[in-house]
Amino acid sequence: MIQRIAPTIRIVYTEDGFTESNCVLVEDDVRLMIDSGAGRALAEARPETVDVLVNSHHHVDHIRGNDDFTRARIFAHELEKEAMGNPEKLMAVSGWDELMEGSLEEHASQFGGLPARIYEPWRVDETITEGQVIDCGRTRFEVLHTPGHTAGHCSFYFPEESLVFMGDICLTAAGPWYGEEHADIDEFIRSIDRIIELNPHRVVTGHRPGVIESDIQRVLTEYRDRMLKREQRIFNSLKEHPSTIHELASRNLIYRAHPTTFVLFWEKSMLKKHLERLLAVGAIERLEGERFRAREMVSAR
Ligand SMILES: [Zn+2]
């Protein structure tokens, strides 16, 4: 479905949750799209006539339609460009071998394997940078480098419309997600704080249906603070039992369920980031046998 939210701005909503993503379409002198993962809804946007395609980041749910943009120049942040040639990064499972038993391919075969397209090269024609203004005619918007979810993740600020497209600062019940090697909790927090400070009247994300127009600062604050709540749960769990990362993962401290092995991997990968943070502030210590233990007298916060 395509929703017109300003004279030149449309949102192309996916019908398929997390394997695809919402996109932005600018209908102006320059026809421009942000992200290409809208699935069946993408055809309505006539991707073959789009002039510029901007990718918010490299994950396959945001770039999966890129090949339909046959005449567009494709833009992405420098830090995403390299990742767009890496199948594990495209599938958001980099660091798999360190945390999981069995190869990625073995697990992926349960769902019919990884998509063949991720092994082929992806084209990026130009890189975008923090503060860059992209001019489509009447419509102008600014690139906000908002790392955390990935190193080069970008959001896009339309000042005239007081609108931010936040990509995978997703505001869904499952987020925030920082489950791969180059994701970073502190950067994610800073990126969310930046949007809270910007105080836009409207935000749209890659995975939540509709335009969010009320209580944006409260919604973003609650979303940000989930990361700290997860960390507190991990610390509390380590206070009860010194544990390995695998034992912690079995307690579902981040995701309530692990419906696929991928979700189990993301739980472990995100646990790893919290454990590193807790180690850095001295709240936990590493024991023999790869167990971690909470240190008494030291608060996690
Ligand atoms: Zn993503």
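Predicted, not measured: the structure shown is a model, and the values here were computed from it.

Asker: Explain the coordination of the zinc ion to me, using residue names and the numbers behind them.
Answerer: For the zinc ion, the full set of protein donor atoms is His57 (NE2), His59 (ND1), His149 (NE2) and Asp168 (OD), at a range of 2.1 to 2.2 Å. Relative to the metal, the four donor atoms surrounding the zinc ion lie at angles of 91 to 170°, and the coordination shape comes out irregular. Each donor residue of the zinc ion lies on the same chain, and together they follow the pattern H-x1-H-x89-H-x18-D. Within this pair, whereas His59 is found in the loop between β5 (52–54) and α1 (60–63), its partner Asp168 is found in the loop between β11 (163–165) and α6 (185–198), the two being separated by 109 residues in sequence. The same class applies to His59 as to Asp168, namely buried.

Asker: Tell me about the sheet that holds strand β6 (residues 73–77), residues and numbers included.
Answerer: The mixed open sheet is built from seven strands, whose spatial order is β1-β2-β3-β4-β5-β6-β7. In this open sheet, the two strands that pair with only one neighbour each are β1 (2–6) and β7 (126–128). Taking the axes of each pair of neighbouring strands and ignoring which way they run, one obtains an average angle of 25° across the sheet.

Asker: A description of the environment of Arg256 should follow, citing residues and the corresponding values.
Answerer: Along the chain, Arg256 turns up in the loop between α8 (245–249) and α9 (261–280). The class of Arg256 is exposed, set by a relative accessible area of 82%.

Asker: Just give me the short version of helix α7 (residues 216–240), but keep the residues and values in it.
Answerer: End to end, α7 covers 36 Å across 25 residues, agreeing with the expected 36 Å (1.5 Å per residue, within 8%). At Arg226, α7 is deflected by roughly 25°, the largest bend along its length.

Asker: Can you tell me about the pattern of salt bridges, naming the residues and giving the values?
Answerer: A full pass over the atoms with the stated rule returns 21 salt bridges. Between Asp125 and Arg123 there is a salt bridge; the shortest N-O distance is 2.5 Å. Where Arg293 meets Glu285, a salt bridge forms, and the shortest distance between an N and an O atom there is 3.0 Å. Here Glu285 falls in the partly exposed class, since its relative accessible area comes to 27%. Via salt bridges that share partners, Glu98, Lys272 and Glu276 belong to a single interconnected network.

Asker: Requested: an account of the domain arrangement of the protein chain, with residues and values cited.
Answerer: Split by domain assignment, the protein chain resolves into domain 1 (2–213) and domain 2 (230–294). Taking only C-alpha atoms, the centre of domain 1 and the centre of domain 2 are 28 Å apart. Counting residues at the interface gives 27 residues for domain 1 and 17 residues for domain 2. Overall, the association of domain 1 and domain 2 removes approximately 1800 Å² of surface from exposure, summing both partners, and the carbon and sulfur fraction of that is 66%. At the surface where domain 1 touches domain 2, the tally comes to two salt bridges. In this assembly, domain 1 and domain 2 are joined by 14 residue pairs in polar contact (both at pLDDT 80 or more). For the side of domain 1 that touches domain 2, the elements supplying multiple residues, two or more each, are α4 (96–99), α5 (104–108) and α6. Per-class residue counts for the side of domain 1 that touches domain 2 are 17 nonpolar, six polar and four charged.

Asker: So what's going on with α6? Which residues, and what values?
Answerer: The end-to-end C-alpha distance of α6, which contains 14 residues, comes to 20 Å, matching closely the 20 Å that a straight helix rising 1.5 Å per residue would cover. Next to the buried residues of α6 lie β10 (154–158), β11, α7 and α9. The positive-phi residue at the C-terminal boundary of α6 is Asn199, with phi of around 55°.

Asker: Give me the pairing of strand β4 (residues 31–34): which residues, what numbers.
Answerer: Judged by which residues are buried, β4 turns out to be covered on both faces: Arg31 and Met33 on one side and Leu32 and Ile34 on the other are all buried. Strand direction decides the pairing type here: strand β3 (residues 23–27) and β4, joined by four bridges, are antiparallel. Paired with Glu27 across the bridge in β4 is Arg31. Linking two consecutive strands that pair antiparallel, namely β3 and β4, is a turn of three residues.

Asker: Lay out the pairing of β10 with the relevant residues and their values.
Answerer: Summarising burial for β10: five of the five residues are buried, a large majority. On β10, burial covers both faces: Cys154, Phe156 and Phe158 on one face and Ser155 and Tyr157 on the other are all buried. Both strand β9 (residues 140–145) and β10 contribute to a ladder of four bridges, which runs antiparallel. Within the sheet, the bridge partner assigned to Leu144 lies in β10 and is Ser155.

Asker: Got a sec to walk through the sheet that holds β11? Specific residues and values, please.
Answerer: Taken in spatial order, the five strands line up as β8-β9-β10-β11-β12 in an open sheet, and their pairing is mixed. The open sheet has two edge strands with one neighbour each: β8 (133–135) and β12 (202–204). The average angle at which neighbouring strand axes cross in this sheet is 25°, direction not considered. Against the sheet, α6 makes contact with β9, β10 and β11, and its axis sits at roughly 145° relative to β9, the strand it touches most.

Asker: Lay out the packing of aromatic side chains in plain terms, naming residues and giving numbers.
Answerer: Enumeration over the complete set of coordinates arrives at eight aromatic pairs. Centre to centre, the rings of Phe141 and Phe158 are 4.7 Å apart; their planes meet at 25°, and the pair counts as stacked. In this pair, Phe141 sits in strand β9 while Phe158 sits in strand β10, placing the two residues 17 residues apart along the sequence. The same class applies to Phe141 and to Phe158, which are both buried. Seen from their ring centres, Tyr178 and Phe188 are 6.4 Å apart, and the 85° between their planes marks the pair as edge-to-face. Pair noted here: Tyr178 is in the loop between β11 and α6 and Phe188 is in helix α6, with a separation of 10 residues, a long-range link. Take Tyr178 and Phe188: they sit in the same class, and that class is buried. Here the aromatic residues Trp96, Trp177, Phe262, Phe265 and Trp266 are joined through ring pairs into a cluster of three or more. Between Arg117 and the ring centre of Trp122, over which it is positioned, the NZ or CZ distance is 3.7 Å.

What counts and how
- The residue count restarts for each chain, going from 1 along the sequence in the order it is written.
- Residues qualify for local features only when their pLDDT is at least 70, as the model is predicted, and side-chain atom pairs are given and counted only at 80 or more; totals for whole chains, interfaces and linings, by contrast, use all residues.
- Hydrogens are left out, water is left out, and the side-chain values use all remaining heavy atoms of the structure.
- Note that water is not among the atoms considered, so a metal site may appear incomplete; the donors listed are N, O and S atoms within 2.8 Å of the metal, with 3.2 Å applied to Na, K and Ca.
- Each label reflects the angles at the metal, where four donors whose angles all fall between 85 and 135 degrees are tetrahedral, four or six donors whose opposite pairs open beyond 155 degrees and whose other angles stay between 65 and 115 are square planar or octahedral respectively, and the rest are irregular.
- Labels follow the DSSP assignment, with helices taken as runs of H or I lasting at least four residues and strands as runs of E lasting at least two, numbered in each case from the N terminus.
- The buried label applies to any residue whose accessible area, calculated with a 1.4 Å probe on protein chains only, is under 20% of its type's maximum; exposed applies above 50%, and partly exposed to all values in between.
- The pairing criterion for strands is at least two bridges between them, as found by DSSP.
- In this analysis an axis means a line fitted to C-alpha atoms, helices contributing only their contacting stretch, and an angle means the value between N-to-C directions, from 0 to 180 degrees.
- Here a helix's expected span is defined as the number of its residues, less one, multiplied by 1.5 Å.
- To get the bend at a given residue, fit one axis to the seven residues ending there, fit another to the seven starting there, and take the angle between those axes.
- In what follows, salt bridge is the name for a side-chain nitrogen of Lys or Arg lying within 4 Å of a carboxyl oxygen of Asp or Glu.
- Residue ranges assigned to the domains are those given by an automatic or database domain assignment.
- Working rule for contacts: check all heavy atoms of both residues, and any pair within 4.5 Å makes them a contact.
- Defined here as a combined quantity, buried area equals the accessible surface (1.4 Å probe) lost by two parts on assembly, summed across both.
- Distance and chemistry together define a polar contact, namely a pair of N or O atoms within 3.5 Å, with one atom able to donate a hydrogen and the other to accept it when in protein, and with adjacent residues in sequence counting only for side-chain atoms on both sides.
- Three categories are distinguished: nonpolar for Ala, Val, Leu, Ile, Met, Phe, Trp, Tyr, Cys and Pro, charged for Asp, Glu, Lys and Arg, and polar for the others, with Gly belonging to the last.
- Geometry of aromatic contacts follows a simple scheme: Phe, Tyr and Trp rings, the Trp one being its six-membered ring, pair when their centres are within 6.5 Å, and the pair is stacked under 30 degrees between planes, edge-to-face over 60, tilted otherwise.
- Here, a charge over a ring means that NZ of Lys or CZ of Arg falls within 6 Å of the ring centre while also lying within 35 degrees of the ring normal.

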